[in-house]
Amino acid sequence: MSSNVSNKSHATLRYTSLRVSIFLGCLLVALLLGHFQLIPVRGELGVVFLFLLAAVVSAPLSYVLLSKQRDEMSAQISGKVDGLRNRTADRIAAQNAEEDAADDAARAAAAKS
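Residues numbered from 1 in each chain as written. Predicted model: local features only at pLDDT ≥ 70, side-chain atom pairs only at ≥ 80, totals over all residues. Heavy atoms only, no water.

**Section: the pattern of salt bridges**
- For the structure on display, the rule yields 3 salt bridges.
- Note that Glu72 is salt-bridged to Arg14, the shortest N-O span being 3.1 Å. Residue Glu72 is found in helix H4 (residues 67–112), and its partner Arg14 is found in helix H2 (residues 11–35); the two are separated by 58 residues along the sequence.
- Here Arg14 falls in the partly exposed class, since its relative accessible area comes to 25%.
- For Arg85, the salt bridge identified is with Asp82, shortest N-O distance 3.0 Å. Taken as a pair, Arg85 and Asp82 lie in helix H4 at a separation of 3 residues, close to a single helical turn. (Salt bridge = Lys/Arg side-chain N within 4 Å of Asp/Glu carboxyl O. Helix = DSSP H or I, 4+ residues; strand = E, 2+ residues; numbered from the N terminus. Buried < 20%, exposed > 50% of the residue type's maximum accessible area, 1.4 Å probe, protein only.)

**Regarding unusual backbone geometry**
- You will see that Gln37, though not glycine, has its phi angle at about 60 degrees, which is positive.
- Summarising the element assignment, Gln37 is placed in the loop between H2 and helix H3 (43–65).
- Its relative accessible area of 56% is what places Gln37 among the exposed residues.

**Section: the confidence of the model for the chain**
- Confidence along the chain averages 89 in pLDDT terms, with 93% of residues attaining 70 or more.
- Looking over the chain, one finds the lowest element-wise mean pLDDT in helix H1 (residues 2–9), namely 55, and the highest in H2, namely 96. (pLDDT = per-residue confidence, 0-100.)

**Here we look at the nonpolar core**
- Ala11, Tyr15, Ile22, Cys26, Leu27, Ala54, Leu66 and Met73 form the largest nonpolar core, which has 8 residues in total.
- With 5 residues, H2 is the single largest residue contributor to this core.
- Residue contacts for Leu66: discarding those within four places in its chain leaves Tyr15, Leu18, Arg19, Ile22 and Leu61. (Core = buried A, V, L, I, M, F, W, Y, C linked by side-chain atoms within 4.5 Å. Contact = heavy atoms within 4.5 Å.)

**Overview of the packing of H3 against H4**
- Contact geometry for H3 and H4: axes closest at 5 Å, N-to-C directions at 70 degrees. In terms of their interaxial angle, H3 and H4 are classed as roughly perpendicular. Contact residues: Ser62, Tyr63, Val64 and Leu65 in H3; Ser67, Gln69 and Arg70 in H4. (Axes fitted to C-alpha atoms, helices over the stretch in contact; angles between N-to-C directions. Parallel < 35°, antiparallel > 145°, perpendicular 65-115°, else oblique.)

Right under this line is the structure:
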């Protein structure tokens, strides 16, 4: 069970590193295709084109290949947000209870006068 918890705790890091790896792999392929003149590349604009091509190709690949990691990352983020929401709600409820107690004490003191 601890390995499952460990896997969940680094889901964002794992997803991001895999996403960057896919982009870099696509960039390497694009650069090689440009180097061997299979894709016409001229000057700095051609290199920018290769970067854009790698980004466009890597996006759907990441979407398909990393769905499991994306779901794990979503669950991790959702859990943290829910925990934060619960802590905030508990803190607000405690503050409201303190205010109600102080208000009740002030009303009781006013009623005795």
